[in-house]
Each structure stands twice: as structure tokens, then as C-alpha cells.
Amino acid sequence: MSFEIYHQAGFRYQWNLQSIADDSTGDGVIIGARSIEKKKLAALPSEVRAKAIFDPQFFIPSVPKGKLATYDFFPDVAADGFTSSDYANESAGISAAACLAFQSAQGFRFIVIPTRYMAGMPSNYIATQDELFVGPFLQACSEQRVETPLLLQVVLTENMLKDSDYSADLLNWITGIRGLSGVYLVAEAASATKQLKDADFLYRLLTFTAALRQNDMVVVLGYLNTESVALSLADPSIVTMGLYENTRAFRIRTFEDNQSEQRGPSPRLYVSQCLQWIDRNYHGAIERRLPGGRSLFDQNKYQALMFQPTFKWHFTKPELYKHHFLELSRQLRRISEYQGKERYDHVKTMIEGAIATFRQMEEAGIVLDKDNDGSHLSAWLTAINEFAQDKGWRN
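In what follows, the accompanying structure is described. All residue numbers refer to positions counted from 1 along the written sequence of the respective chain. Totals for whole chains, interfaces and linings use every residue, but because this is a predicted model, local features are given only for residues with pLDDT of at least 70 and side-chain atom pairs only at 80 or more, for both listing and counting. Working from all heavy atoms in the structure, the side-chain values ignore hydrogens and water.

## Some thoughts on the overall build of the chain
Move 1: Across its full length, the chain holds 15 helices and ten strands.
Move 2: Computation of the radius of gyration draws on C-alpha atoms, with the globule rule given as 2.2 Å multiplied by the number of residues to the power 0.38. Relative to the 2.2 N^0.38 estimate, which gives 21 Å for 395 residues, the radius of gyration of the chain is 21 Å and therefore close to what a compact globule would have.
Move 3: The dimensions of the chain, computed from C-alpha atoms along their principal axes, are 65 × 50 × 35 Å.
Move 4: Only protein chains enter the accessibility calculation, which uses a 1.4 Å probe; a residue whose area is less than 20% of its type maximum is buried, one above 50% is exposed, and one in between is partly exposed. Within the chain, buried positions represent 55% of all 395 residues. We count a stretch as a helix when DSSP gives it H or I for four or more residues in a row; a strand needs E for two or more, and each element gets its number in order from the N terminus.

Okay, structure coming up:
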């Protein structure tokens, strides 16, 4: 089956909307409550909201960070101070009804049942989600007679995903919820690398996604970087791509109240042939030392502008990200044309080609650091090969 591409929007959500409108780089957008005030979200054009998914971002219910405080149904706001026991007894139903009514009134494509982030593998995970969110939302749906398809948001930690018994329990729970159309799935890797480099984590996420799809569930994979290329093999309904790094990988610290200010990253450019973002500081060496090096940088209107001598490179420049959206969406659109073994063969060829390109760079004397090299690709190849073996696509 083909899949759709959604933008995981954050602070600069206008750039996502511009990219979709100007360059057709996505089919819709996931809008996080932390990044846009409630009134501004409601004021977005109806055609944008009709294709949008709203992320309530209840991950830490006691911390209304950013614009979350503008939503009267956010747990800490609704309860005038969040504690699990009091919220479950007094405010969960009120919050669920208000959140549901808001999503329904905006005409979003799906209605999302929010989740609370829980670290590790807590024994009360399912019971907590049912008590605080799932039960109250399903009750509100029945009372409000909502017909919009329901997605359950699930945040999987690495421990949850890698424990076969725990992940099986989660699958049974999710697929057993009546009235649910699908899952808005977010996976948090333990290692905070620029690219996902854990083969086992990626393989487990592939198998978990595929199991949901085999149960005829819509699966939206949120907070993805370029590993969306590999995850396409699990036949998700929607894959995502983000702007800044905090929309390309889920980190719970982003939603913590005590997050310290961090230094801005060096500007990096997405290079589709490498399936990697490469720091501007390496571009000169690539152009000078790699045969045909200039052609490695994808040719489009944003590349033409950025490679002008007068362009001021900085990580806050929208051209960097609009370039990324354009090139990655092209790759994903092509992948979506294939199915099953043919999709695996195509993705495998892409990854092997990227590995070969990095090898050529190394032979040319270009030694990239761990944030810019191809060290993630061997993990991806291992994961998709193992998944393909399970599917019978690989001898």
C-alpha cells in the first residue's frame, strides 16, 4: 500500500505549511499544542485543519510548557494543578470532553486520544492510560456522538519496544480497544544521536508497526528523521518529517519544565544520496576532493539560493528545511510506488548506494564525524534485512 507524508510541525509551523503549499511536500500536518496557541490554531484555514492531526501533547500532564497553557483542557490547567488520583476522580472526564469537542469543532482529519509519557516499563502503564485518557475519551465520544476516526497516541520507550512480552501486551491492549481506528505511534530511542543507529530498535519498531497494520489499523509514525525510508517497509499509513531536530526525534526533555537553553547547532544540509544531513563545514572539501562533488548536493531552487556566495548559512534559515522537505518527500513518494519485496529491494538499493558514497568520500580523504557520516546506515540495512527475512522477501 502507498503511504502519506505528514509534516511534524513545531515552533516554525508556518514553514511547514508554506512547503506543503508551494512545493507539494506533504499531504497534511501534525500540529503540536506546545507550539501554537489555541486561538491561532482555530484560526488556521479550514482546508489546512481538514487534513491536519492535532497532537494534544499531554506527555507531562503537570507541565503546561509553551503554548500548552492556552488550552483549557490540558490536565494541569483543567485540574488547576495535576495529580494522578485527583485528576482521575475529578477532572479526567471534563478534560476529555473539552479536548474532544475542540478537535471535533476544528474539523481535524482524526481525533487523537492523548497519552501520558511513562519511562521504562511500568507495570501500570495500560491501567494508567485507560483510567486517565482512554476511558474518559471513549465515554465522551459516545456522549458527543463523534464520528471522526479515533487515533490512540502511544509513546513507546526503547525498553517497552525491545521487551517481547511487554510489547505483545501493548499490541493486545491497543487492538482490543473498541471504536479505535488506529494509532499515532511515537517511539523514543535511548541514545540521543542525530540519526537512529540502533538496529534492534529499528527492527522492533518495524515489526510492531507491521503487527498493527495486520490488524487493519491506521498507523501514523510520528517524530521521524530519515529513518522513515527504512520504516516504510512496515507499510505505515502515514510517515512524518520534521523541521528542527526536536520534531525529527522524540525526546521527553523537550516537554520538561527545567530544560536548559541549548546552543544552536551548526547548519546542516540534507543530502538525499547519502540519506544524511551534512554539516556546512564539510561542503567545501566534498566539492574539491570528491569527483563530481558539487552534484552530490541535490539541485533545486533552494540549493541554488544557498550556494550563492552571498547566502548567510545559519541553522535558522528556512531554505535548509524546505530543501530537506523537497528532497526527502521526493524519495518517499518514489518508495510509496512500490510494495512488499519490490519496496524492500528499492530501499535496500538506496541504503547500499549511500554506503558506497560515504566510502568514496573516505577514499577521497574526507573524514566525517559521527554526526555527519554514514554510521547509521549499517544499522538500517541490518534491520531491514532481518525484517525482510521475516517477510520472506530475502533468501
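## Describing the side chain of Ser95
Move 1: Relative to the assigned elements, Ser95 resides in helix α5 (residues 84–106).
Move 2: For this analysis, residues touch if any pair of their heavy atoms sits within 4.5 Å. Sequence-distant contacts of Ser95, defined by excluding residues within four places in its chain, comprise Phe58, Phe73, Ala78 and Tyr87.

## A word on the pairing of strand β6 (residues 182–188)
Move 1: Taken across its seven residues, β6 has seven buried, putting it largely inside the fold.
Move 2: A two-sided burial pattern is seen for β6, the buried positions comprising Gly182, Tyr184, Val186 and Glu188 on one face and Val183, Leu185 and Ala187 on the other.
Move 3: Sheet analysis places β6 next to strand β7 (residues 218–221), joined by four bridges and oriented parallel. Opposite Leu185, over in β7, you have Leu221 as the bridge partner.
Move 4: For the handedness criterion, the β-α-β arrangement of β6, helix α9 (residues 199–214) and β7 is classed as right-handed. The rule for pairing is simple: two strands pair if DSSP sees at least two bridges between them. If the strands point away from the viewer and the path from the first strand over the helix to the second runs clockwise, then the crossover is right-handed.

## Some thoughts on helix α1 (residues 13–23)
Move 1: Taken as a whole, α1 has its buried residues at Tyr13, Trp15, Asn16, Ser19 and Asp23. Down the axis, α1 shows its buried residues gathered within 160° of arc, on one side only. Exposed and oriented more than 90 degrees from the buried face of α1 are Ala21 and Asp22.
Move 2: Residues of α1 that are buried in the fold lie against β1 (4–9), α2 (38–42), α12 (301–306) and α13 (318–336).
Move 3: Looking one or two residues beyond α1, the residue adopting positive phi is Ser24, at roughly 55°. Summarising the geometry, the arc corresponds to the directions from the helix axis toward the C-beta atoms.

## A short note on the environment of Ala192
Move 1: Following the sequence through the fold, Ala192 ends up in the loop between β6 and α9.
Move 2: Separated by 48 residues in sequence, Ala192 and Thr240 have C-alpha atoms that sit 19 Å apart.
Move 3: Not counting residues within four places of it along the chain, the set of residues in contact with Ala192 comprises Arg251 and Arg253.

## Quick word on the layout of surface pockets
Move 1: Cavities and pockets are found on a 1 Å grid laid over the protein atoms alone: a cavity is a set of points where a 1.4 Å probe fits but cannot escape, a pocket is an open set with protein on both sides within 12 Å along at least five of seven lines, and a lining residue has an atom within 4 Å of such a point. Grid points are joined across faces, edges and corners, and a volume is the space filled by probe spheres set on the points. In this structure, the second largest pocket encloses a volume near 260 Å³.
Move 2: As for the second largest pocket, its lining consists of 24 residues, and the residues nearest its centre are Ala187, Ala189, Leu196, Phe201 and Glu227.
Move 3: Secondary-structure elements contributing two or more residues to the lining of the second largest pocket are β6 and α9.
Move 4: In terms of residues, the lining of the second largest pocket owes the most to one element, β6, which gives three residues.
Move 5: Here the lining of the second largest pocket is composed, by residue class, of twelve nonpolar, five polar and seven charged. Each residue gets one label: Ala, Val, Leu, Ile, Met, Phe, Trp, Tyr, Cys and Pro are nonpolar, Asp, Glu, Lys and Arg are charged, and the others, such as Gly, are polar.

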